[in-house]
Amino acid sequence: MINSKRVAVALSGGVDSGAVAYILKEQGYNVFGITMKLFDEFDVSSSQYVAKMLNIEHYIVDFKEYFENEVIDKFVGEYLEGKTPNPCIMCNIKVKYGLMIEKAKELGADFMAFGHYANIKYDEKDLKFHLYKSDIEKKDQSYFLYHLNQEQLSSVLLPLNGYKNKNEVRELVKKIIPETSGKKDSQDICFITNMSHGKFIKKRCGLINTEGNFVDLDGNFIGKHTGIYNYTIGQKRGLGINNNNSLFVLKINNKTNEIVLGDEKHLYKDEIIVENITYIDENNKRLQSIDCEVKLCQWGYYLKCIVINKGCSKAVVRFEKPERAPAPGQSAVFYIGDEVLGGGIIV
């Protein structure tokens with residue numbers, strides 16, 4: 001089968017992107033690879049090897065400056081504000097599904113393909129694209145893709161949906177690129193290696209003395225912290241506080257450089273405010289409220305809630321029952337059944 005459509009594959013050199021390129025090539029598409037160079041230490045040799053083994057064109061694009069400004073700097077800045085950002089989501093929004101798609105089109109691509117585990121369907125009734133969870137529940141990455149709009153969904157391919165499990169994908173790659181098939185899945189922040197995010201921020205910013213006070217809810221001194229960027233809402237371990245009662249991080253105040261500690265019961269919230277909301281179907285913006293479920297982090301639970309739209313891309317998310325430690329800076333993603341409605345950033 002010969003397909004005249006030209007597809008760019010986001011080629012990382014890992015199992016998933018290698019499988020995507022192979023699958024699409026077998027389906028007859030005119031496939032080429034694009035690898036983003038995101039920082040000086042970024043290794044492109046694995047993606048070069050995969051492209052060579054598959055005998056496809058391969059382009060390396062230098063996005064270092066853009067990635068530094070839009071992902072790394074914002075990641076650091078939000079931690080210094082006492083938030084808990086998700087750099088992978090910001091990378092998807094700004095880089096992979098933003099700048100990279102633009103570059104693919106410049107190179108003549110009709111579609112951009114990724115190794116993300118999720119499912120895109122077109123509905124002939126409402127003439128719109130919809131995003132759903134992956135058929136492989138344990139690998140589902142739909143949480144990271146809530147920001148996609150109709151134009152993006154129309155030009156994106158996610159060929160890994162439909163496989164039974166990751167082992168099946170590995171076996172597919174093993175036949176053609178055996179050296180790649182055994183690679184472990186990437187779990188960490190790509191631009192931080194061999195150190196904690198706190199040490200990375202301290203080194204990057206040249207910070208020396210970032211100590212501040214741990215205080216209780218009444219503002220009474222409890223002890224000293226090592227810098228607000230080292231802590232997240234709900235944290236219990238690593239506080240370095242000797243206390244008869246278990247203490248948790250309740251609030252981080254970057255203006256006073258204070259961290260409020262207290263009993264776990266104070267972490268539970270009835271509702272949160274979410275900003276920068278995007279909906280895959282823009283009609284959802286016009287609804288006063290939506291009964292649905294929400295995830296507050298990639299590996300979190302699906303929580304029953306009501307999303308109350310407030311205009312200006314803002315909403316109140318009211319939980320069916322109080323939820324523990326929703327962290328400012330994380331994404332809240334809305335679902336009805338297996339379908340992703342959209343989401344935004346917790347404030």
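The model shown is predicted, which means the values in this text are computed figures rather than measured ones. (Residues numbered from 1 in each chain as written. Predicted model: local features only at pLDDT ≥ 70, side-chain atom pairs only at ≥ 80, totals over all residues. Heavy atoms only, no water.)

1. Some thoughts on the overall build of the protein chain
Item 1. Each helix and strand counted, the protein chain has eight helices and 17 strands in total.
Item 2. Since a compact globule built from 347 residues should have a radius of gyration of about 20 Å, the 22 Å found for the protein chain is in line with a globular shape.
Item 3. Oriented by its inertia axes, the alpha-carbon framework of the protein chain measures out at about 70 × 45 × 35 Å.
Item 4. When burial is assessed residue by residue, the protein chain has 48% of its 347 residues classed as buried.
Item 5. Taking as baseline every contact in the protein chain between residues at least 6 positions apart, the subset at least 24 positions apart corresponds to 64%.
Item 6. Charged side chains of the protein chain number 45 positive and 45 negative; the gap between the two group centres comes to 3 Å. (Helix = DSSP H or I, 4+ residues; strand = E, 2+ residues; numbered from the N terminus. Rg over C-alpha atoms; globule rule 2.2 N^0.38 Å. Buried < 20%, exposed > 50% of the residue type's maximum accessible area, 1.4 Å probe, protein only. Contact = heavy atoms within 4.5 Å. Lys, Arg positive; Asp, Glu negative; His and termini not counted. Charge placed at Lys NZ, Arg CZ, Asp CG, Glu CD.)

2. Here we look at the pattern of salt bridges
Item 1. Scanning the model with the defined rule gives 17 salt bridges in all.
Item 2. In this structure, E70 and K94 form a salt bridge, with 3.7 Å as the shortest nitrogen-oxygen distance. Placement of E70 in helix α3 (residues 64-80) and of K94 in helix α4 (residues 87-106) is noted, with a sequence separation of 24 residues between them.
Item 3. Here E70 falls in the buried class, since its relative accessible area comes to 18%.
Item 4. According to the relative accessible area criterion, K94 is partly exposed, its value standing at 28%.
Item 5. Residues E271 and R318 are paired through a salt bridge, measuring 3.0 Å at the closest nitrogen-oxygen approach. Of this pair, E271 sits in strand β12 (residues 268-279) while R318 is found in strand β15 (residues 314-324), placing the two residues 47 residues apart along the sequence.
Item 6. Under the relative-accessibility criterion, E271 is labelled partly exposed at 38%.
Item 7. Through salt bridges with shared partners, a single network forms among D40, D62 and K64. (Salt bridge = Lys/Arg side-chain N within 4 Å of Asp/Glu carboxyl O.)

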